[in-house]
Amino acid sequence: MSDARTDRDGLASPQRRHVLGRGLALVGGAVVGNAAAEKAAAESAAAPPDVPEWMKAPGADVGSEPYGSPSRFERDLIRNIPKSLPQYTSASSRTPLQDLDGIITPNGLFYERHHGGIPEIDPDRHRLMIHGLVERPLILTMAEIRRFPSESQIYFLECSGNPGFEAMTGRTASDLVGLVSCAEWTGVRLRTVLEEAGLKPEARWVVAEGADAAAMTRSIPLAKCLDDAMLVYSQNGERLRPQQGYPLRVLLPGFEGNMSVKWLRRLNVTAEPAHSREETSKYTDLMPDGTARQFTFMMEAKSIITRPSGTQRIARGFNEITGIAWSGRGRIAQVEVSVDDGQSWTVAQLQAPVLTRALTRFRLPWTWEGAPTTILSRATDETGYVQPHFAELTAVRGVKSFYHNNAIIPWRITASGEVTNGFLKA
Ligand SMILES: Nc1nc2c(c(=O)[nH]1)N[C@H]1C(S)=C(S)[C@@H](COP(=O)(O)O)O[C@H]1N2
Ligand SMILES: [Mo]
């Protein structure tokens, strides 16, 4: 006991910060100063070997919160919602990537993109119709869908406008690429349900329609429907949240988020794509030669350093660089990190599990000596595809594109350790 005390007083201890805090309060004489002093005193009283007040009486009852929520000290960890939009029914909120660990996005922080608001659907009244080029048209209840053999898989979901080509001005990792999240999805293989309906030989596409006010409609190539596509009813172990398509959505691993139709009500099996609004006027890019790049399904390999990242501040000495990488084409094979603005690259450690079409966490130990620099990450997937620099991307796609920007993201670090968006002028 006495040793512990000696140690504590010998180090830059809570005791000393407490004294400093008091001193400042006396000099400043401000309310803020008193608050700081009180905070310091409270911290000091809670530090070992003293016994904090939360040990002196029993805590809250079991079941005081039937559906749990994060600590009230984490109440600022919320979705990144744009301020003062004219309306919020066709809008998006982003995942706070820079404050999350691991690869799974908690359901309450999963990004949202709605084109006609969030419908409130009674699962008992919801039906899925499967028709068109099938032998046996079906109308299924949720109970009937859940009777099919099911599976659970971890996949990322990403909006293809993440970020738009002209929207790289964000301050945080979330501002830049917060329209990506990753979850464990449970549902039925789309293939299983299509086989139950029986596909006619001319079947080539499946047109999915959502039961929202936008009636979101997308054409899915049959090959994807017969591969890993899922009809999902649960996410991270519980039923889908209304924001994610309750009670039923399509999940197309690795394809642009827009095609994973939420609140799914209809699958129309066709010979041709529907050429709906979302695959003509939107989710199509104007190329330099004046043609349109349409049906850009695949989300190409991408990565971002989430710590250190924009608005954070680092201290000299040891800093772990960590972030996430993903590819619609399969597994991440390698992530390289540069701490000298791309002059040299070091292979980062990939944390297991490294799953196909899921977020992969990477880490690299780093000692920052205090010189201003720019840090980058570059993902390579198992097909050998390498994440490009923004200039390489625009050289091919021109500057009229909006979707599918998977450019390398630079974070600038100033002499004082401030981290800012490297796409912006210093
Ligand atoms: N019915 C319907 N499905 C939809 C949408 C929609 O507005 N309505 N938005 C799409 C878009 S653009 C994306 S990126 C993803 C977002 O899924 P999330 O909100 O679960 O993150 O859903 C897609 N599916
Ligand atoms: Mo999207």
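It should be noted that the structure appears before, not after, this text.
Residues numbered from 1 in each chain as written. Chains lettered and ligands numbered in written order. Predicted model: local features only at pLDDT ≥ 70, side-chain atom pairs only at ≥ 80, totals over all residues. Heavy atoms only, no water.

Engineer: When you look at unusual backbone geometry in this model, what are you seeing that I'm missing?
Structural biologist: Note: most residues except glycine have negative phi, and most peptide bonds are trans. Backbone torsion omega between P48 and P49 reads 10 degrees, so that peptide bond is classified as cis. Turning to its location among the elements, P49 is positioned in the loop between α3 (31–46) and β1 (91–93). In this model, N162 is joined to P163 through a cis peptide bond whose omega is -5 degrees. Within the secondary structure, P163 sits in the loop between β5 (150–158) and α5 (173–177). Although it is not a glycine, F295 adopts a positive phi angle of roughly 55 degrees. Looking at the secondary structure, you find F295 in the loop between β14 (292–293) and β15 (302–307). (Helix = DSSP H or I, 4+ residues; strand = E, 2+ residues; numbered from the N terminus.)

Engineer: How do you make sense of the sheet that holds strand β16 (residues 317–326) when you look at a structure like this?
Structural biologist: Strand pairing within a sheet occurs via backbone hydrogen bonds; the two strands may be parallel or antiparallel. Strand order across the open sheet formed by four strands is β15-β16-β20-β19, with antiparallel pairing between neighbours. Two strands lie at the open edges of the sheet, namely β15 and β19 (349–350), each paired on one side alone. Two elements, β16 and strand β20 (residues 360–368), share nine bridges in a ladder whose sense is antiparallel. Bridge pairing links G317 to W368 in β20. (Pairing = 2+ DSSP bridges.)

What is shown is where atoms sit, not what they do.
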